[in-house]
Amino acid sequence: MDVLSRIASAISNAVLNPEKLPGALILCGILEAAAALSLIFFRVPGGVFLHHGDALVYVYYGVLVAVVVLGLAEASVGFWIPGDLNGRHAVGMVVLWFSILPLIIIAALGGFSSASPK
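Note that the coordinates shown come from a computational prediction; the quantities given were computed from them, not determined experimentally.

(A) Main features of the overall build of the chain. The helix and strand tally for the chain stands at six helices and zero strands. Reading the chain from its N terminus to its C terminus gives the helix and strand order α-α-α-α-α-α. Looking at the 118 residues of the chain, the share that counts as buried comes to 32%. Of the contacts made within the chain by residues no fewer than 6 positions apart, 74% connect residues no fewer than 24 positions apart. A total accessible area of about 6900 Å² is found for the chain, and carbon and sulfur atoms account for 71% of it.

Structure below.
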């Protein structure tokens, strides 16, 4: 859970200081993508996902792939923002606030846990 506190700290610092926005976008995007990839490769879906047919397993992996793509897109926006920080600040803030939902999804699925996979 230390990763989540670092992400929350980066987001709050980016809200207060526009110069920290690119770093927060890059950090959050790469950590989202990495956590989703770790769930894809090292965790098998369990619980509800296994007891209700194959459709939910496909949804599980589809959501994780979408989070990887969104995380990489968020990181690329973080590299794009410094070119014109004043003009692109609003776009960066919108992307940063929309990135909170994938963070919640990954945290709920256990992507930021340090428990060993089963």
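We are not done yet, so read on.
(B) Looking closely at the UniProt feature "transmembrane region" (unreviewed entry) in the chain. Under the feature "transmembrane region" (unreviewed entry), the UniProt entry names residues 24–44, 56–81 and 93–112. The span residues 24–44 is 90% helical and 0% strand by assignment, and the distance between its end C-alpha atoms comes to 30 Å. Annotation note: span residues 56–81, helix share 96%, strand share 0%, distance between end C-alpha atoms 37 Å.

(C) Representation of the side chain of Glu-32 in the model. Of note, Glu-32 is situated in helix H2 (residues 21–42). Residue contacts for Glu-32: discarding those within four places in its chain leaves Val-67, Gly-71, Glu-74, Ser-99, Pro-102 and Leu-103.

(D) Molecular detail of the nonpolar core. The biggest cluster of nonpolar side chains holds 13 residues, and the ones touching the most others in it are Ile-11, Leu-21, Leu-25 and Leu-96. Elements with a minimum of two residues in this core: helix H1 (2–16), H2 and helix H5 (85–98). Beyond its immediate stretch of four places on either side in the chain, Leu-21 contacts Ala-14, Ile-81, His-89, Gly-92, Met-93 and Leu-96. Among the nonpolar cores identified, the runner-up in size contains 10 residues, and Ala-33, Ala-36, Val-67 and Val-68 belong to it.

What counts and how
Residues numbered from 1 in each chain as written. Predicted model: local features only at pLDDT ≥ 70, side-chain atom pairs only at ≥ 80, totals over all residues. Heavy atoms only, no water. Helix = DSSP H or I, 4+ residues; strand = E, 2+ residues; numbered from the N terminus. Buried < 20%, exposed > 50% of the residue type's maximum accessible area, 1.4 Å probe, protein only. Contact = heavy atoms within 4.5 Å. Areas by Shrake-Rupley, 256 points an atom, 1.4 Å probe, with all protein chains shown as cover. UniProt positions renumbered as here; feature names shortened; annotations may be inferred. Core = buried A, V, L, I, M, F, W, Y, C linked by side-chain atoms within 4.5 Å.

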